[in-house]
Amino acid sequence: AWAIHNLAEAFDYESGNSTGTLSPYSEVLLSKLWQTTSRDDGDMNNLRASAYEALNTLLQSIPQDGMKLIVQLVPLLLERLESSVQKSSHATGQSEEEKEEAAELHGLLCGSLQTCTQRLMRSGTLDFADRMMLAYISVMSLGSSGGSAQTNSALDSSAAPGARSGALTGSVHEEALMAVGALADAMEADFIKYLPHVAPFVILGLRNWEQYQVCAVAVGVVGDIARAVESAIMPYADDIVALLLTALQSAELDKSVKPPILSVFGDLAMALGGEFERYVSHVMQMLQQAAQSSVTLEVSVEDYDMQDWVVALRLSIFEAYTGILQGLKTASKQSLLYTHVEWIVSFCQVVYRDEVNSTFPESDRLLPTAAGVMGDIASTMSGTRSHLASLPWLREMLQKAADSPDSSARETVEWAGQAIYYTR
């Protein structure tokens, strides 16, 4: 299994080609791996998990002429997941070991279905979407420590975030939530019908601070759903935003989750448009506090993890600001951010200074993203362009950002320069 995993990984760059090196072997490799996942000795030497991992890598790498094989695999994965979930839901007197084995299998199957969804997208997933969602919800219902009864009160903001009651637990729920996010990405607006059923589980994930990996996945799924259903997320936005703001202020939640939380505010703003106005003051206050924290935080030159975290935090602030500005612009409400222009411009200057001085690890994305923010301000807020154009450091920042090896980043920088210096 490990050899097949490495072989498939070596040719993943051919996945977009009509045919490729793996094409003549894809069917037999998929078949043998699928057989291996159900072997009686699958629990020995991590064989079953390794076979599923190799299967997923192969699914990601198969060229386009093998897409029909992925379509054929989806019902097999679903049947196995549905059967296992049904068995677990009716089982009595299971040992902890048996429960853990079942949960591991559910997670592996959800992971494979997620990979299939990402390859097939809407056209290949549509016929299976209802079964997928029902299976994912069933998996998460098994693992929420109060069962389905707990999910009815998942939106109750009076309960203490991070409490164990009703929280999604374990890696299996990371896999199920990520599969939900992939399905939302594939289904886009057609995902709306699933919102009432999946929203309680997403919010349970947001509340699970103790298992912060689950919380982080739930944050990502909020972004996936917001991009998919856009304004249809509004009925759940109050609860989601309240939980995200509370999480940002908590010292209990692992700090690695906080940059993604900031970024997802941008996704929510893009989805809600002018309706995001109700959250602007609170969210912008959080962004400003996060920006200030990234500036004043004393980081050891030897603490590379903290340095990377500061860079991620700064990047998330820029991403959030861009999403909020663009979202409000759709309803001509960008003027709500006028009072925040000064600090965001000053923050960009500090970030540029730190990049020049190599205070933190160099990031190919940070300066181009900051340049994009400056371009957004110039192009959407009348009266700011002349001030921005007069800043010597900003022109220097754009020049440095233009050296990014990423072509899309260079395009952003070029657009920002046009917006600041040449648009009339």
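Notes on the structure in this doc start here.

Rules of the game
Residues numbered from 1 in each chain as written. Predicted model: local features only at pLDDT ≥ 70, side-chain atom pairs only at ≥ 80, totals over all residues. Heavy atoms only, no water. Helix = DSSP H or I, 4+ residues; strand = E, 2+ residues; numbered from the N terminus. Rg over C-alpha atoms; globule rule 2.2 N^0.38 Å. Buried < 20%, exposed > 50% of the residue type's maximum accessible area, 1.4 Å probe, protein only. Contact = heavy atoms within 4.5 Å. Axes fitted to C-alpha atoms, helices over the stretch in contact; angles between N-to-C directions. Parallel < 35°, antiparallel > 145°, perpendicular 65-115°, else oblique. Left-handed = near helix turned anticlockwise from the far one by under 90°. Nonpolar A, V, L, I, M, F, W, Y, C, P; charged D, E, K, R; others polar.

1. Section: the overall build of the protein
At step 1: Each helix and strand in the protein was counted, giving 19 helices and 0 strands.
At step 2: What you see for the protein is a C-alpha radius of gyration of 23 Å, in line with the 22 Å of a compact globule of 424 residues.
At step 3: When the backbone C-alpha atoms are referred to their principal axes, the protein occupies close to 70 × 55 × 45 Å.
At step 4: Taking all 424 residues of the protein together, 52% fall into the buried category.
At step 5: Considering only contacts in the protein between residues 6 or more positions apart, those separated by 24 or more positions represent 77%.

2. Digging into unusual backbone geometry
At step 1: Positive phi values are uncommon outside glycine, yet Asn45 reaches one of about 55°.
At step 2: Structurally, the position occupied by Asn45 is in the loop between α2 (26-37) and α3 (47-61).
At step 3: Since its relative accessible area comes to 76%, Asn45 is described here as exposed.
At step 4: If you check the backbone angles, Met121 has positive phi at about 55° while not being a glycine.
At step 5: Its location among the elements puts Met121 in helix α5 (residues 96-125).

3. As for the packing of helix α11 (residues 234-249) against helix α12 (residues 258-272)
Between two packed helices, both the angle of their axes relative to each other and the distance between the axes serve to describe the pair.
At step 1: Contact geometry for α11 and α12: axes closest at 11 Å, N-to-C directions at 155°. Relative to α12, α11 is oriented roughly antiparallel. The chirality of how α11 crosses α12 is left-handed. Facing α11, whose interface residues are Met234, Ala237, Ile240, Val241, Leu244, Leu245, Ala247 and Leu248, α12 presents Lys258, Ile261, Leu262, Val264, Phe265, Leu268 and Leu272.
At step 2: Looking at the contact of α11 with α12 residue by residue, the classes come out as 14 nonpolar, no polar and 1 charged.

4. A look at the environment of Arg207
At step 1: Following the sequence through the fold, Arg207 ends up in helix α9 (residues 195-207).
At step 2: Separated by 109 residues in sequence, Arg207 and Ser316 place their C-alpha atoms 21 Å apart.

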